[in-house]
Amino acid sequence: MRHDNGGDLLVTVLRELGIDTVFGIVSVHNLPLVEAVDRDLRFVPVRHEASAVNAADAYGRARGSIGCALTSTGTGAGNAAGSLIESLSAGSSVLHVTGQVESAFLGSGRGFIHETKDQLGMLTAVSAHAASIPDTEQAGRILREAARAALRGPAGPGGPASVEWPIDLQYAAQNDAPVAPAFPAVPAPTEGELAAAGALLASARRPLVWAGGGATGARRELSGLLEATGAGLLTSNSGRGTVPEDHEQVIGNFATSPAARSLLADADVLVTVGTHFRSNETADYGLELPAAHIQIDHDAKALGRVYPIAHPLHGDAAPTLTALTGHAAPAEAGWRDRVRAVRAEVRATLHDAIGPQAAICEAIRAALPREAVVARDVTIPSSSWGNRLLEMYDPRNNVFPRGGGIGQGLGMGIGAALARPGSPTVVMAGDGGLAVHLGELLTLAQERPRLTLIVFNDGGYGVLRNMQDRYGERRSGVDLVTPDFELLARACGLPHLRISAEEHAAPVLRRAVASNGPTLVEVDLTALGPMKNPFTPPVRIPGRWPTRTAPPLEGGTRP
C-alpha cells in the first residue's frame, strides 16, 4: 500500500492499534506526523515532551492497551527520557515516535539544528525497544515491531518503544506491505513443576497470595484461587484492583504493616504472582516471607531475584493460576476470619493515623463511580493513604508513577481522562510536584477533560521536609514559594474550589466530580491540620536506621 507521506502511514498503524488520541509537541522535525494525526485522529498539544509520554502512558494504562507520544529530535527526545524511564519501570505500553535530522546529515557532527550525539543510544537506554527508520520501505514494519515490543502480554513485560524518523523520510511517499509481527512463544511451567507446586499448595492450611502488576491480566483466575483456598491477598501498588479492594479477603498494599507482618509470619504457604518486590513495598527488602514460597512470573529473571523460592513457575499468570488452583484445598477453620480481621485492622490504623485527611479519602471515594480513574503524583497523601486506603476496583483505574518521580501526575491524569471520557478522573498532586509541569494546566484548560485536580498545598516538598525535621538539624531545599492557586486557576480559565476543613471535603469534591469539565481543588493543609503521624518515606538513612528490618513505614510509623 502506498501512502503520500509518513504521517499517513503513522495514522494507519495507530488505527490498527486502536489509538484515537496522540500526545505531543509539534516541531519542524515531526510536522508531517503531527499534521496527519491532527487531521485524522486527535492530537493533544501538551506543553512538555515529558508530559506527552506520561499522558500516552496513562492513556494506555486506562484502556489496558497502548498509547502514543510524538516528540521532536534532540532536546525534545531528551526531554521525554525521564518519562520513558517511568514507563520502563512500570512496563507500560508506549509507542514513542520522535523526529530526526535529515538522513543525509545524520551522524555527520555538523551541529544540524535539533541534532544530538547518538540519539538512538540515548533512546535505547531508556526504552524497552528502540529503532531508527532507514528508508521508506521499512517504516511500516519498524513501527509495527515497536508497537509489538511495547505491548505487554503473556510473552513479555512490555514497556516503551521508541522510533526515530528522519524528517526527509517523513515527508517522502511510503511503500507499506503490512505483515503481522511475530510474537515470541509464551512460556509455561512443566507438568512436573506444576505438580510439585500444587502439592505444596494442597498442604497449605494458612495460605497467602501476593499479587503484583503481572497479575492484572489474570483477574478471574486470581479470584478463583482466593475462593478455593480462603487465602488473604496482599498486593504491591501495581497489583491493586486486580481483585476489587472491597473483597473481604483483600488485605491490599499493606504488607509492611505490623498486622500483615504477623500474618506473614503465621502463613504456611505464600503464592506470589507477577511482583517485583520493590524496596518501598518490602521495607527495603527487610520484610520476611514464608519459606514455602511459590512464585509465578513470565520473566524468568524475576524468579528468585529478591526472595528465595521453593517452586519457581515460569509462565503467564492466567493459565498458571488455573492449573495451580486445581490443587487447592480450603484453609483451616478460622483463617478467613483472621484475614478479615487483619484487613479491617490495617485500614482502621491508617485511617486514624492520617487524621483530618481521612475525610478527603472518604469524600473522593464517595464522589467517584467505581470505574473512575484515580491518577496520583508522588506526594504525601498519595504515598500515605492514596496508595492504600483509597479503594481500587480495577487495575486500569490505578494510575501512578511506579518509578517514584514527582511531577508526572497531571500529565498522566490528562491521558487517562481522554482515554476514558465517559467517566470522571481525579488527580492527586502536591504543590511541589505540580510545579514541575505547571504548564500542563494550560493543556487541561485547552482540552477540558472531565478531570478534578486535587492539589495538596503545604508550601514545598513535604516528604523531604518531614525527613529533615525528623532526622536532621535544618531544612534544605524543601520550602518553596507556592502560587495563589485561585488566581492561577482563574488565569487559566479553570474553576477553583478550596478545602480547608474536614467538613468541606464531601460537598466540594461532590461538586467538582459532577462537573463536565476540569476543576482545580486546592487543599489547604495548614488550615486542615496535620496527620497524627507525620509521613516519612520507607528508606534507610545510614547511621540513623542501622538495620533493614525496622525502617519507617510509608504511613510514617515504625513497624
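The rules behind each value
- Residues numbered from 1 in each chain as written.
- Predicted model: local features only at pLDDT ≥ 70, side-chain atom pairs only at ≥ 80, totals over all residues.
- Heavy atoms only, no water.
- Salt bridge = Lys/Arg side-chain N within 4 Å of Asp/Glu carboxyl O.
- Buried < 20%, exposed > 50% of the residue type's maximum accessible area, 1.4 Å probe, protein only.
- Helix = DSSP H or I, 4+ residues; strand = E, 2+ residues; numbered from the N terminus.
- Patch = residues over 30% accessible without salt bridge, like charges linked within 9 Å, V, L, I, M, F, W, Y side chains within 5 Å.
- Areas by Shrake-Rupley, 256 points an atom, 1.4 Å probe, with all protein chains shown as cover.
- Pairing = 2+ DSSP bridges.
- Axes fitted to C-alpha atoms, helices over the stretch in contact; angles between N-to-C directions.
- Contact = heavy atoms within 4.5 Å.
- Parallel < 35°, antiparallel > 145°, perpendicular 65-115°, else oblique.
- Left-handed = near helix turned anticlockwise from the far one by under 90°.
- Nonpolar A, V, L, I, M, F, W, Y, C, P; charged D, E, K, R; others polar.
- Right-handed = clockwise from strand over helix to strand, strands pointing away.
- Core = buried A, V, L, I, M, F, W, Y, C linked by side-chain atoms within 4.5 Å.

**Examining the pattern of salt bridges**
Tallying each qualifying case throughout the model produces 27 salt bridges. Put simply, Asp 40 and Arg 39 hold a salt bridge, and the shortest N to O gap is 2.8 Å. On the basis of relative accessible area, Arg 39 is assigned to the exposed category, the value being 53%. We note a salt bridge from Asp 394 to Arg 219, for which the minimum N-O separation is 3.3 Å. Of this pair, Asp 394 sits in the loop between α14 (380-386) and β16 (398-399) while Arg 219 sits in helix α9 (residues 219-229), and the two are 175 residues apart along the sequence. Classification of Asp 394 as buried rests on a relative accessible area of 10%. In this structure, a network of salt bridges that share partners links the residues Asp 458, Arg 465, Asp 469, Arg 475 and Asp 479.

**A few points about the environment of Thr 425**
Looking at the element boundaries, Thr 425 is found in strand β17 (residues 425-430). For Thr 425, a relative accessible area of 1% puts it in the buried group. The spatial distance from the C-alpha of Thr 425 to the C-alpha of Val 373 is 4.9 Å, given a sequence separation of 52 residues.

**Description of a nonpolar patch on the surface**
Together, Ile 406, Val 436, Tyr 461, Leu 464 and Leu 480 make up a nonpolar patch on the protein surface, roughly 370 Å² of accessible area in all. Positionally, Tyr 461 belongs in the loop between β18 (451-457) and α18 (462-471). In this structure Tyr 461 comes out as partly exposed when scored by relative accessible area, which is 30%.

**Examining the sheet that holds strand β11 (residues 250-252)**
One open sheet holds the 6 strands; their spatial order is β11-β10-β9-β12-β13-β14, and the pairing between them is parallel. Of all the strands in the sheet, the pair left with one neighbour each is β11 and β14 (311-314). Strand-to-strand, the axes of this sheet are offset by a mean angle of 20°, without reference to chain direction. Two elements, strand β9 (residues 207-211) and strand β12 (residues 269-273), share 5 bridges in a ladder whose sense is parallel. Among the inter-strand pairings, Pro 207 is bridged to a residue of β12, identified as Val 269. Relative to β14, helix α8 (residues 191-202) is tilted by about 130°, and along the sheet it contacts β12, β13 (293-297) and β14.

**Side note on the packing of helix α3 (residues 49-63) against helix α15 (residues 409-419)**
Two elements in contact, α3 and α15, have axes whose closest approach is 7 Å; the angle formed by their N-to-C orientations is 45°. The angle between α3 and α15 falls in the class oblique. Between α3 and α15 lies a crossing of right-handed hand. Together, Asn 54, Ala 55, Asp 57, Ala 58, Tyr 59, Arg 61, Ala 62 and Arg 63 of α3 and Gly 411, Met 412, Gly 415, Ala 416 and Ala 419 of α15 make up the contact between the two elements. For the contact of α3 with α15, a count of residues per class yields 7 nonpolar, 3 polar and 3 charged.

**So, the pairing of strand β19 (residues 496-499)**
Sheet analysis places β19 next to strand β20 (residues 519-524), joined by 4 bridges and oriented parallel. Note that in β20 the partner of Leu 497 across the bridge is Val 521. Of the crossover connections in this fold, the one passing from β19 over helix α20 (residues 502-514) to the parallel β20 is right-handed.

**A closer look at the nonpolar core**
Counting residues in each nonpolar core, the largest one holds 73 residues, and the members touching the most others are Leu 70, Trp 165 and Leu 453. Beyond its immediate chain neighbours, meaning those up to four positions away, Leu 70 contacts Leu 10, Val 22, Phe 23, Gly 24, Ile 25, Asn 30, Leu 33, Val 34, Val 37, Phe 43 and Val 97. Counting 55 residues, the second largest nonpolar core, distinct from the first, contains Phe 254, Leu 270, Ile 354 and Met 428.

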